[in-house]
Amino acid sequence: QVQLVESGGGLVQAGGTLRLSCAASGRTFGSYAMGWFRQAPGKEREFVAAISWSGGSTYYADSVKGRFTISRDNAKNTVSLQMNTLKPEDTAVYYCTRRSSSRYPSRDRRDFDSWGQGTQVTVSS
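Residues numbered from 1 in each chain as written. Predicted model: local features only at pLDDT ≥ 70, side-chain atom pairs only at ≥ 80, totals over all residues. Heavy atoms only, no water.

Q: Hey, could you go over the overall build of the chain for me, with residue numbers and the actual values?
A: Check the secondary structure of the chain and you find zero helices and eleven strands. Traced from its N-terminal end to its C-terminal end, the chain shows the element sequence β-β-β-β-β-β-β-β-β-β-β. Relative to a compact globule of 125 residues, whose C-alpha radius of gyration would be 14 Å, the chain shows 13 Å and is just as compact. C-alpha extents for the chain along the principal axes are approximately 40 × 25 × 25 Å. Burial statistics for the chain: of 125 residues in total, 43% are counted as buried. For the chain, contacts bridging at least 24 residues in sequence account for 60% of all contacts bridging at least 6. If the 16 positive side-chain charges of the chain are averaged to one point and the 10 negative ones to another, these points end up 4 Å apart. (Helix = DSSP H or I, 4+ residues; strand = E, 2+ residues; numbered from the N terminus. Rg over C-alpha atoms; globule rule 2.2 N^0.38 Å. Buried < 20%, exposed > 50% of the residue type's maximum accessible area, 1.4 Å probe, protein only. Contact = heavy atoms within 4.5 Å. Lys, Arg positive; Asp, Glu negative; His and termini not counted. Charge placed at Lys NZ, Arg CZ, Asp CG, Glu CD.)

Here it is, written out as structure tokens:
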């Protein structure tokens, strides 16, 4: 019953910056963790970042740690992913996701139950 819509993707040169946003609507009540995954053509959907309901606990993939920052604004029902120092290997479709069963983050895609349609991020060399 919850809808997730990503925005902010685009084409950027290596070393550049993008900020992705995810807006939730519908059933937005309750306490739940949120996350970001990404998928490149021909590859598995992989974990990028996740955040607890309170925002006090965050997880990051080793490949993005120190470059990406996940945040949320529960009053606005939004989650963001600030992506700095982008690399060509960051090129993928980025998906926003919700873990309805828990307020705590996870790195496992099987723990998440609602997904957006994705937004394309392309990083040129």
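We are not done yet, so read on.
Q: Before we move on, could you go through the nonpolar core and cite the residues and values that matter?
A: Ranked by size, the top nonpolar core spans 32 residues in total, and within it W36, L81, M83 and Y94 carry the most contacts. Elements with a minimum of two residues in this core: β1 (2-7), β3 (18-26), β4 (33-39), β5 (46-51), β7 (68-73), β8 (78-83), β9 (92-99) and β11 (119-124). By residue number, the principal contributor to this core is β5, which donates five residues. Beyond its immediate sequence surroundings of up to four residues, L81 is in contact with L18, R19, L20, W36, V48, A49, F68, T69, I70 and Y94. (Core = buried A, V, L, I, M, F, W, Y, C linked by side-chain atoms within 4.5 Å.)

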